Amino acid sequence: PPIEAWAMLEGTPEAVLVNDRTEAEWKFVGLPDLSSLGSPVILAEWLRFPDMCVNPTFAEEVFGCFDGAVPSRLLFICRSGARSLSAGRAVAGALEQMGVDARCYNVTEGFEGDLDAMGHRGTINGWKARGLAWRQS
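Computed from a predicted structure; not experimentally measured.

Caption draft 1: Structural context of the nonpolar core. Judged by nonpolar contacts, the single largest core of 18 residues is most densely connected at V18, F58, V62, F63, L74, F76 and V91. Those elements that provide at least two residues to this core are β1 (15-19), α3 (58-63), β6 (73-77) and α4 (83-98). Look past the residues within four positions of L74 in its chain and what remains in contact with it is V16, V18, V62, F66, L95, A102, R103, C104 and Y105.

Written out as structure tokens, the structure reads:
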């Protein structure tokens with residue numbers, strides 16, 4: 001869950017958050033803000049907008065952000081926790097093939113959370129609804 005993800009990011013300096021939503025989501029919906037932790041948010045699209053096809057170079061793009069030293073913990077976040085589960089599994093598989101000992105975590109609920117009765121996100125659960133730091137881009 002987002003609160004546990006924040007606690008891990010706050011208490012584990014080698015933990016990194018990978019935002020695997022689309023560029024459109026980053027720009028128009030916002031991003032988690034880890035500046036108070038002194039940590040960047042890694043931006044890499046798992047599914048590419050607008051066709052929403054899997055990004056074939058996703059793992060390589062993520063690994064490219066680390067200058068060859070993959071963190072021991074990678075947390076993946078999307079809108080509601082579904083895409084990030086697939087993205088994390090793909091990276092975990094790539095790490096295993098490379099013989100790298102790192103753990104991948106899915107941030108359940110995601111950035112915006114589940115739909116409420118009115119069909120809106122961001123009110124029931126998710127990073128934003130839990131009151132965690134975020135910014136509009």
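Caption draft 2: Representation of the pairing of strand β7 (residues 103-106) within the structure. Where β6 and β7 come together, 4 bridges link them in parallel fashion. Paired with L75 across the strands is Y105, a residue of β7. A crossover connection joins β6 to the parallel β7 through α4; in handedness this β-α-β unit is right-handed.

Quick notes on the rules
- Residues numbered from 1 in each chain as written.
- Predicted model: local features only at pLDDT ≥ 70, side-chain atom pairs only at ≥ 80, totals over all residues.
- Heavy atoms only, no water.
- Core = buried A, V, L, I, M, F, W, Y, C linked by side-chain atoms within 4.5 Å.
- Buried < 20%, exposed > 50% of the residue type's maximum accessible area, 1.4 Å probe, protein only.
- Helix = DSSP H or I, 4+ residues; strand = E, 2+ residues; numbered from the N terminus.
- Contact = heavy atoms within 4.5 Å.
- Pairing = 2+ DSSP bridges.
- Right-handed = clockwise from strand over helix to strand, strands pointing away.

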